[in-house]
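# Analysis of the macromolecular model
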Amino acid sequence: MPQTPEEESLGSLVARATDHISTLVRSEIELAKAEFRFDAKRVGMAGGMFAAAAFMAHLCLILLSFTIAFVIAEWLPMWAAFLIVTVFYLLVAGLLVFVGVRRLKGLTKMERTTRSLKGLKEISHPDEPSLPLGDRPLPAKRPVTSDGT
């Protein structure tokens, strides 16, 4: 005969709650895996399409470069027209590198996250020093006595 909740022991209630929680966690993990697989397929397809579009745009840029060079060649020698187009692209590439380097110098190195994690560590283990692992002193070794203490 099943017991009513009032008649069940605290141990059996905790065991049931633990079982329900572990079942819930496993179900949530399976749901997350299924959603991740679905999203990963979509991201993969979209990434492939972006790559194809970038390749096509690159081909168009090459053709546009030739067109510009041939138009400039109407007024200048052919080699000068192609040299002008090439120098233009070198200047644009140099500018992009300059801007990219400036952006990298502005990185924060995750300072706020590091500070937040150190704070969480201090909260969870207030009695431990907050030194990095390599800087912590080793615990003092005490000799073992004959009685094992």
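Only a predicted model underlies this, so the values are computations on that prediction, with no experimental measurement involved.

Conventions we followed
Residues numbered from 1 in each chain as written. Predicted model: local features only at pLDDT ≥ 70, side-chain atom pairs only at ≥ 80, totals over all residues. Heavy atoms only, no water. pLDDT = per-residue confidence, 0-100. Helix = DSSP H or I, 4+ residues; strand = E, 2+ residues; numbered from the N terminus. Salt bridge = Lys/Arg side-chain N within 4 Å of Asp/Glu carboxyl O. Buried < 20%, exposed > 50% of the residue type's maximum accessible area, 1.4 Å probe, protein only. Phe/Tyr/Trp six-rings, centres within 6.5 Å; stacked < 30°, edge-to-face > 60°. Patch = residues over 30% accessible without salt bridge, like charges linked within 9 Å, V, L, I, M, F, W, Y side chains within 5 Å. Areas by Shrake-Rupley, 256 points an atom, 1.4 Å probe, with all protein chains shown as cover.

To continue, consider the confidence of the model for the chain. Scored by pLDDT, the chain has a mean of 83; 79% of the residues are at 70 or more. Confidence, expressed as mean pLDDT per element, reaches its minimum in the chain at helix H3 (residues 111-124) with 76 and its maximum at helix H2 (residues 78-105) with 94.

Moving on, we come to the pattern of salt bridges. This model, assessed by the stated rule, comprises one salt bridge. Ionic pairing is found between Glu30 and Lys33, a salt bridge with its closest N-O pair at 3.8 Å. One end of the pair, Glu30, and the other, Lys33, are both in helix H1 (residues 10-72), three residues apart, so they sit about a helical turn from each other. For Glu30, a relative accessible area of 45% corresponds to the partly exposed category. Lys33 gets classed as partly exposed once you look at its relative accessible area, which sits at 41%.

Inspection of every chain in the model, using the stated rule, returns three aromatic pairs. Taking the centre distance of 5.6 Å and the plane angle of 70° together, the rings of Phe66 and Phe82 count as edge-to-face. On the criterion of sequence distance, the pair formed by Phe66 in helix H1 and Phe82 in helix H2 is long-range, its members being 16 residues apart. Residue classification places Phe66 among the partly exposed positions, given a relative accessible area of 40%. Taking relative accessible area as the criterion, Phe82 reaches 27% and is therefore assigned partly exposed. Clustering of aromatic rings is evident, with ring pairs tying together Phe66, Phe70 and Phe82.

A cluster of nonpolar side chains, Phe55, Met56, Leu59, Ile62, Phe66, Phe70 and Met78, forms an exposed patch at the surface whose accessible area comes to about 670 Å². Among the elements that make up the nonpolar patch, the one with the highest residue count is H1 (six residues). Within the secondary structure, Ile62 sits in helix H1. For Ile62, a relative accessible area of 36% corresponds to the partly exposed category.

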